[in-house]
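Next come the chains, spelled out residue by residue.
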Amino acid sequence: MADVVVGKDKCGEQRLISLPLSRIRVIMKSSPEVSSINQEALVLTAKATELFVQCLATYSYRHGSGKEKKVLTYSDLANTAQESETFQFLADILPKKILASKYLKMLKEEKREEDEENDNDNESDHYEADS
């Protein structure tokens, strides 16, 4: 683990982890189940997070539309979350962007479908009551 060197600190020296450990500690302590955090666990969590983000970014870049421009976009990340089985758990966190007009149209269609289902349920209840 010590042979992997990433990032630099304020003095310009290379260091193992790029993410700020203090922030990761705060995030970990925000969980009610966590009372104390071992330094080794903190460093390993930070490194695992960095590797995960690197993997997600690399996969999204390779399979994304911004490859020609050498750009990684939000839509590349959202497409990865939707289409890759590995990153499927991120689909709620990285939803595809849609226009507000499309969203409103989807809401109207869902409401119309619910109303139709309720009407059908009421008709079948009324039919059963008559029998």
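Each chain carries its own residue numbering, running from 1 in the direction its sequence is written. Side-chain atom pairs in this predicted model are given and counted only at pLDDT of 80 or more, local residue features only at pLDDT of at least 70, and totals for whole chains, interfaces and linings cover all residues. Side-chain numbers come from the whole structure's heavy atoms, not from hydrogens or water.

An unreviewed UniProt entry lists the protein under the name Chromatin accessibility complex protein 1, from Pongo abelii. UniProt positions are given in the numbering used here, feature names are shortened, and annotations may be inferred rather than shown by experiment. What UniProt records for the protein under Function (unreviewed entry) is the sentence "Forms a complex with DNA polymerase epsilon subunit POLE3 and binds naked DNA, which is then incorporated into chromatin, aided by the nucleosome remodeling activity of ISWI/SNF2H and ACF1. Does not enhance nucleosome sliding activity of the ACF-5 ISWI chromatin remodeling complex." Checking UniProt for the protein, the heading Subcellular location (unreviewed entry) contains the comment "Nucleus".

A.B. asks: Break down the packing of helix H1 (residues 21-29) against helix H2 (residues 39-63) for me, with residues and values.
C.D. replies: Orientation is described by axes fitted as lines to C-alpha atoms, over the contacting stretch for helices, and by angles from 0 to 180 degrees between their N-to-C directions. A run of H or I in DSSP counts as a helix once it spans at least four residues, and a run of E counts as a strand once it spans at least two, with each numbered from the N terminus. It is the contact of H1 with H2, at a shortest axis distance of 10 Å, that shows an interaxial angle of 105 degrees. It follows that H1 is roughly perpendicular to H2 by the angle criterion. Only Gln39, Leu42, Val43, Thr45 and Ala46 of H2 make contact with H1, whose side of the interface consists of Leu21, Ile24, Arg25 and Met28. An angle below 35 degrees is read as roughly parallel, one above 145 as roughly antiparallel, one from 65 to 115 as roughly perpendicular, and any other as oblique. Any two residues having at least one pair of non-hydrogen atoms within 4.5 Å are treated as being in contact.

A.B. asks: Could you give an account of a negative patch on the surface, naming the residues involved and the relevant values?
C.D. replies: Together, Glu109, Glu110, Glu113, Glu114 and Glu117 make up a negatively charged patch on the protein surface. Position of Glu110 relative to the elements: it lies in helix H4 (residues 100-130). Think of a patch as exposed residues, more than 30% relative accessible area, with no salt bridge, where like charges cluster within 9 Å and nonpolar side chains (Val, Leu, Ile, Met, Phe, Trp, Tyr) cluster within 5 Å. Areas reported as accessible are Shrake-Rupley estimates using a 1.4 Å probe. Residue values count occlusion only from the protein chains shown. Here, a salt bridge means any side-chain nitrogen of Lys or Arg that lies within 4 Å of a carboxyl oxygen of Asp or Glu. Counted as positive: Lys and Arg. Counted as negative: Asp and Glu. His and the chain ends are not counted at all. The location of each charge is read from NZ of Lys, CZ of Arg, CG of Asp or CD of Glu.

A.B. asks: Talk me through the nonpolar core; I want residue IDs and the actual numbers.
C.D. replies: Here the nonpolar core consists of buried residues drawn from Ala, Val, Leu, Ile, Met, Phe, Trp, Tyr and Cys, with membership extended through side-chain atoms lying within 4.5 Å. Three exposure classes are used, based on accessible area relative to the maximum for each residue type with a 1.4 Å probe and protein chains only: buried under 20%, partly exposed in between, and exposed over 50%. Ile17, Ile24, Ile37, Leu42, Val43 and Ala46 together form the largest nonpolar core, which totals six residues. Sort the elements by how many residues they give to this core and H2 lands first, with three residues. What Ala46 contacts, discounting residues up to four positions off in sequence, is Ile17, Leu19, Leu21 and Ile24. Core analysis: the next-biggest nonpolar cluster, separate from the first, contains five residues, Leu56, Phe87, Leu90 and Leu94 among them.

A.B. asks: Give a description of the packing of H2 against helix H3 (residues 74-83) that names residues and reports values.
C.D. replies: Running from N to C, H2 and H3 cross one another at 100 degrees; their axes reach a closest spacing of 9 Å. Accordingly, the angle class assigned to the pair H2 and H3 is roughly perpendicular. On the side of H2, the interface is formed by Leu56, Tyr59 and Ser60, while H3 contributes Asp76, Leu77 and Thr80. Gly is placed with the polar residues, together with every amino acid not listed as nonpolar (Ala, Val, Leu, Ile, Met, Phe, Trp, Tyr, Cys and Pro) or charged (Asp, Glu, Lys and Arg). Here the contact of H2 with H3 is built from residues that sort into three nonpolar, two polar and one charged.

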